[in-house]
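Chain by chain, the residues:
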Amino acid sequence: MVEVHDGPPMDGFSVPLRLHNLLLALAGRIDDSALTEARELIARAHIDEAVELTTGTLIAGRIPVSSAEQRELALVLEMSRSDATLANDLLVDEAEPVSTHRFSGENSPEFGIAEALDRTLQVLPDVRSVHAVWRNTPAGSVPGALPQRVVLVELGPEGNPPAVAFRVDTALRRAGIHSVVEVSGPGVAHSEYHQAASAAASPAWVTGSTTSSASVYRPEPVKAPAAVVPEPVAESSGSRHSMRSSTATTTPPEPVAPVVPIVSPPPVPEPPRQSRVERSSERSETRAERTADLTPAEVAQLRQALAEDPEKGREIAAGKPSMHEVVELPALDLDDPSLSERDRALLRELHAELAERERAEAAKMRLNGASRSGGDQRGWTAP
């Protein structure tokens, strides 16, 4: 069983920083995805989940660790109230791990990093430098796509490595830059993995640097407008004409009146044009139209009066009686209280129209009868 109370090599560090430094030493040996997820759990104060994920990844991948790393993992497991006996299942190998990774600084691994981290680096304290490099070899038992961009961040004593690692990784992912972020602070020995990566890395952002590169985003300081100093006019004992000419040369230009935009009012929509049918419908009604369009009161009165002959009632209501038929209407009931003045006027006009038609039909019948009788008398001869 692992003895967890022997003097650990990281005395003086907090539990999150202990685990962060342990992950820094395991970089290149465990999967990049597990490494990133464990660092995010540390930044979110889930130390127990982070150390259990790290221990489980090492056990499942049969990744060898040193005895000092085993004791440190057991100590962090105990401090985070996790099962410290998980460290007994780790594969311990005292041989010095040899780094087999290859790094390259070609093809601009630092491109876009300074722009993506601009706002983040402004608020993070004591960030000294940011470098980037391509790793061309896989890491862990379940490696990802290659080449893999590795971002190396150096902090001063005021920096917080777990928080900076999470903030930088989040900003890069938001900008669409997939990478593995390695943040190291003062007092931590760099492994061979980090030494090889730093040797081939290209600077993306360096604090206090005086050289500028195409990949480094440097906001230019705003230059203050140069003050206009009037040229001194040499005093002379010349005439008034010379003084007048000197003042004329220094006369400022006339101010230009500001251009006021002319806002035209919105066009008034034209009223819709009426069709011929609508214009004809608006014409004044003729007498025949007024007598033909009956109101409900008129129709009710006519139907009551001509209930015994429905056909005749329809012809009267339509204003189209038979040519040879005399229409007889009952006496007008103008005293009906349900009738308005307009209804009474329409009824009078209707009866007058029908009476006129009746007289015209009677006169036509008399003329026809007279013409027939005259023709019979002209055609008859005495025997």
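The preceding data block contains the structure.
Rules and cut-offs
Residues numbered from 1 in each chain as written. Predicted model: local features only at pLDDT ≥ 70, side-chain atom pairs only at ≥ 80, totals over all residues. Heavy atoms only, no water. Helix = DSSP H or I, 4+ residues; strand = E, 2+ residues; numbered from the N terminus. Contact = heavy atoms within 4.5 Å. Polar contact = N/O pair within 3.5 Å; in protein donor to acceptor, adjacent residues only side chain to side chain. Patch = residues over 30% accessible without salt bridge, like charges linked within 9 Å, V, L, I, M, F, W, Y side chains within 5 Å. Areas by Shrake-Rupley, 256 points an atom, 1.4 Å probe, with all protein chains shown as cover. Salt bridge = Lys/Arg side-chain N within 4 Å of Asp/Glu carboxyl O. Lys, Arg positive; Asp, Glu negative; His and termini not counted. Charge placed at Lys NZ, Arg CZ, Asp CG, Glu CD. Buried < 20%, exposed > 50% of the residue type's maximum accessible area, 1.4 Å probe, protein only. Phe/Tyr/Trp six-rings, centres within 6.5 Å; stacked < 30°, edge-to-face > 60°. Core = buried A, V, L, I, M, F, W, Y, C linked by side-chain atoms within 4.5 Å. Pairing = 2+ DSSP bridges. 1 Å grid on protein atoms, 1.4 Å probe; cavity = no way out; pocket = protein on both sides within 12 Å on 5 of 7 lines; lining within 4 Å. Points joined across faces, edges and corners; volume = space filled by probe spheres on them. Nonpolar A, V, L, I, M, F, W, Y, C, P; charged D, E, K, R; others polar.

Engineer: What exactly am I supposed to notice about the environment of Leu-19 here?
Structural biologist: Along the polypeptide, Leu-19 turns up in helix 1 (residues 15-26). Along the chain, Leu-19 and Ile-42 lie 23 residues apart, while their C-alpha atoms are 8.0 Å from each other. In contact with Leu-19, other than residues within four places in its own chain, are Ile-42, Ile-47, Ala-50, Val-51 and Val-76.

Engineer: Would you mind going over the side chain of Thr-55 with me for this structure?
Structural biologist: One can find Thr-55 in helix 3 (residues 47-60). In this structure the side chain of Thr-55 is engaged in a polar contact, spanning 2.8 Å, whose partner is the backbone oxygen of Val-51. Residues in contact with Thr-55, not counting those within four places in the same chain, are Leu-73, Leu-77, Leu-86 and Leu-90.

Engineer: Any chance you could explain a negative patch on the surface here in plain terms?
Structural biologist: Taken together, the side chains of Asp-48, Glu-49, Glu-52 and Asp-83 make up a negatively charged region of the molecular surface. Note on Asp-83: relative accessible area 41%, which makes it partly exposed.

Engineer: Can you walk me through the packing of aromatic side chains in this structure?
Structural biologist: Pairs of aromatic rings are described using the distance from one ring centre to the other and the angle between the two planes. Enumeration according to the criterion identifies 1 aromatic pair in this entry. Taking 5.4 Å as the distance between ring centres and 70° as the angle between the ring planes, the aromatic pair formed by Phe-103 and Tyr-193 counts as edge-to-face. With Phe-103 in strand 1 (residues 103-104) and Tyr-193 in helix 8 (residues 192-200), this pair connects stretches of sequence that are 90 residues apart. Looking at Phe-103, the relative accessible area reads 15%, which means it is buried.

Engineer: Before we go on, may I ask you to explain the nonpolar core in this structure?
Structural biologist: In summary, soluble globular proteins display a tendency toward joint burial of nonpolar side chains. Membership of the largest hydrophobic core comes to 30 residues, with the highest contact counts inside it found for Leu-19, Ile-30 and Leu-58. Listing elements by their share of this core, those giving two or more residues are helix 1, helix 2 (32-43), helix 3, helix 4 (67-79), strand 3 (148-155) and helix 8. Once you skip the residues sitting within four places of it in the chain, Leu-58 turns out to touch Leu-26, Ile-30, Ile-63, Val-65, Leu-73 and Leu-90. Counting 21 residues, the second largest nonpolar core, distinct from the first, contains Ala-116, Ala-165, Val-168 and Leu-172.

Engineer: Which parts of the structure should I look at to understand the pairing of strand 4 (residues 180-184)?
Structural biologist: Note on strand geometry: in a regular strand, side chains alternate between the two faces of the sheet. Counting buried positions along strand 4 gives 5 out of 5 residues, so the element sits mostly inside the fold. Residues Val-180, Glu-182 and Ser-184 line one face of strand 4 and the alternating positions Val-181 and Val-183 line the opposite face, and both faces are buried. Bridging between strand 3 and strand 4 involves 5 bridges; their strand directions are parallel. From the neighbouring strand, Glu-154 faces strand 4, where its bridge partner is Ser-184.

Engineer: How should unusual backbone geometry be read in this particular structure?
Structural biologist: Across residues other than glycine, the phi torsion is negative in most instances, and most of the peptide bonds are trans. Residues Leu-146 and Pro-147 are joined by a peptide bond in cis, for which omega reads -5°. Structurally, Pro-147 is set in the loop between strand 2 (127-135) and strand 3. Positive phi, normally seen in glycine, also occurs at Ala-45, with a value near 70°. Here Ala-45 shows up in the loop between helix 2 and helix 3. Assessed through its relative accessible area of 60%, Ala-45 is described here as exposed.

Engineer: How should empty space enclosed by the protein be read in this particular structure?
Structural biologist: To find leftover empty space, one rolls a probe the size of a water molecule over the atoms. Overall, the coordinates contain 2 cavities of 30 Å³ or more when judged by the stated rule. Approximately 80 Å³ is the volume found for the largest cavity. For the largest cavity, the full set of lining residues is Thr-36, Arg-39, Glu-40, Ala-165, Phe-166, Asp-169, Val-180 and Val-181. The set of elements that each furnish at least two residues to the lining of the largest cavity consists of helix 2, helix 7 (161-174) and strand 4. For the lining of the largest cavity, the per-class residue count stands at 4 nonpolar, 1 polar and 3 charged. Counted as a void, the second largest cavity has a volume near 40 Å³. Along the walls of the second largest cavity sit Leu-152, Val-153, Glu-154, Glu-182, Val-183, Ser-184, His-190, His-194 and Ser-198, which together make up its complete lining. At the level of elements, strand 3, strand 4 and helix 8 are the ones that each hand at least two residues to the lining of the second largest cavity.

Engineer: Looking at this structure, how should I read the pattern of salt bridges?
Structural biologist: Pairing is possible between side chains of opposite charge, provided their charged atoms come close. In the structure shown here, the tally under the stated rule is 9 salt bridges. Among the ionic pairs, Arg-18 bridges to Glu-72, the shortest N-O distance being 2.9 Å. Placement of Arg-18 in helix 1 and of Glu-72 in helix 4 is noted, with a sequence separation of 54 residues between them. A relative accessible area of 5% places Arg-18 in the buried class. Arg-173 is the partner of Asp-169 in a salt bridge, and the nearest nitrogen-oxygen pair spans 2.7 Å. Of this pair, Asp-169 and Arg-173 both sit in helix 7, 4 residues apart, roughly one helical turn. Residue classification places Asp-169 among the buried positions, given a relative accessible area of 7%. A relative accessible area of 45% places Arg-173 in the partly exposed class. It is possible to trace a salt-bridge network through shared partners that takes in Glu-40, Arg-44, Asp-169 and Arg-173.

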